[in-house]
Amino acid sequence: MKTIQYSLMLAAAACGFANAQTTAYTKPVGYITHTVNSLNGQTALTILGPALVQPTVFAGATTGTPSASKVANFTASVPTGLDGSYVLEITSGTNQGWWSTVVSSTAGSITVNDNFPAGISSGGVSVSVRKHNTVQSFFGENKAGLIPSDGATGDEIQILNPDQSLTPISYFPASVSGDGDDWYNLSTSELANNQIIEPGSAVIVKTNSATSLSFVSTGEVKTTKTQVDVFPGLTLLAQPQAAGGSYNGLGLQSALIPVNANADNTDYDEFQILNADQSLTPNAAADPALFGTATMYNLATSEDSGAVVISGGAGAIIKRDSTKSASVITVNGTTVGQ
């Protein structure tokens, strides 16, 4: 599990959600158009997240194994001065998709927040380093046209934390903030432009807009896998495949806690798709005995849903039973050229 630092947070709030609709182009560098849904001026919530990533600033293979250490060494010249705004990710081997926030770097090494996975061979492992996606890099200067805060009301971007609390963020124009046009954490009144949106994670967009909104995100198409921490309660997952992909294509059928062969357990993970009307479509991974193969299925209709597609950058909820422990799941990246 990742070592993460959080600001002061609001207590968790009960709420409904809505899907993000996206259009994507699977090029090495591309863009995605995200739609923020509206309920004609009533409160509507949309889940979405970055599918595209920031440009790679360093890629190389470690010299020797960084296994169980926080330091990776390289023969290639590493950019010096890397800090917590960067993320290092393993791009090869059985640990592909593992990531950790960078702490510091020298010309020959990178130190990260978390110990590298145990068991990396003495031959080393390939990694890449890039900037984290943030509220500012994803939403820009309020590209979606969310209702700015007037100091008392306004639309919000909400980060769901592992303890199930929410970090609420609003866009303040200079006329209200007394400074620049910026994103602010409503709990702490601190600048939130650089609030990190973790790899594979989605956020909630809460709006009272009278009409649907849209904005475009840009970046590099991610072709490698992504590891995501799943916690008891709710976790928000973003579709990391730029052009979208099926539930089974993400690998959810083997990553989530399944409904058992007798279909009589209640401690499975529920994969919830959040619709524009704020309703939920519940799905779960099925034991292979239920459908003859490992697949996802719709809990409301009992139909195989493994081939159902979720758009790139759209969000979904993983609901984990409180009796289960947190764990890491791995979801597949984009296949370019298909």
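These remarks concern the structure in this document. (Residues numbered from 1 in each chain as written. Predicted model: local features only at pLDDT ≥ 70, side-chain atom pairs only at ≥ 80, totals over all residues. Heavy atoms only, no water.)

## Details of the sheet that holds strand β8 (residues 99-106)
Alright, step 1. Taken in spatial order, the six strands make up an open sheet running β5-β10-β7-β8-β9-β6, and their pairing is antiparallel. With partners counted over all chains shown, the strands left at the sheet margins are β5 (56-61) and β6 (71-73), one partner each. Going across the sheet, the axis of each strand differs from the next one's by a mean of 35 degrees, ignoring polarity.
Alright, step 2. Both strand β7 (residues 86-90) and β8 contribute to a ladder of three bridges, which runs antiparallel. (Pairing = 2+ DSSP bridges. Helix = DSSP H or I, 4+ residues; strand = E, 2+ residues; numbered from the N terminus. Axes fitted to C-alpha atoms, helices over the stretch in contact; angles between N-to-C directions.)

## Quick word on the nonpolar core
Alright, step 1. Ranked by size, the top nonpolar core spans 18 residues in total, and within it Phe139, Leu146, Ile157, Ile169, Trp183 and Phe215 carry the most contacts.
Alright, step 2. Elements with a contribution of two residues or more to this core: α1 (135-139), β12 (156-160), β13 (166-172), β16 (203-207) and β17 (213-220).
Alright, step 3. No other element matches the three residues that α1 contributes to this core.
Alright, step 4. Setting aside its immediate chain neighbours within four residues, Phe215 contacts Ile32, Thr33, His34, Val36, Leu48, Phe138, Phe139, Lys143 and Ala144. (Core = buried A, V, L, I, M, F, W, Y, C linked by side-chain atoms within 4.5 Å. Buried < 20%, exposed > 50% of the residue type's maximum accessible area, 1.4 Å probe, protein only. Contact = heavy atoms within 4.5 Å.)

## Re the sheet that holds strand β19 (residues 233-238)
Alright, step 1. Across the sheet, five strands lie side by side as β19-β25-β21-β22-β23; this open sheet has antiparallel pairing. Each having just a single partner strand, β19 and β23 (295-298) make up the two edges of the open sheet. On average, adjacent strands in this sheet sit at an angle of 30 degrees to one another, irrespective of strand direction.

## Quick look at the side chain of Asn161
Alright, step 1. Within the secondary structure, Asn161 sits in the loop between β12 and β13.
Alright, step 2. Reaching out from Asn161, the side chain makes a polar contact with the side chain of Thr167 at a distance of 3.1 Å. (Polar contact = N/O pair within 3.5 Å; in protein donor to acceptor, adjacent residues only side chain to side chain.)

## Considerations on the pairing of strand β18 (residues 226-230)
Sheet faces and side chains relate simply in a regular strand, where the side chains alternate between the two faces.
Alright, step 1. Most of β18 sits inside the fold, with five of its five residues counted as buried.
Alright, step 2. Burial along β18 is two-sided: Thr226, Val228 and Val230 and Gln227 and Asp229, pointing in opposite directions, are all buried.
Alright, step 3. When β18 meets strand β26 (residues 327-331), the two strands line up antiparallel, connected through five bridges. Its bridge partner being in β26, Asp229 is matched across the sheet by Val328.

## Describing the pairing of strand β4 (residues 44-48)
Alright, step 1. The element β4 is extensively covered by neighbouring structure, given that five of its five residues are classed as buried.
Alright, step 2. Side-chain alternation along β4 places Ala44, Thr46 and Leu48 on one buried face and Leu45 and Ile47 on a second face that is also buried.
Alright, step 3. As defined by bridge partners, β4 adjoins β16 across five bridges and the pair is classed as antiparallel. Looking across to β16, one finds that Thr46 is bridged to Val205.

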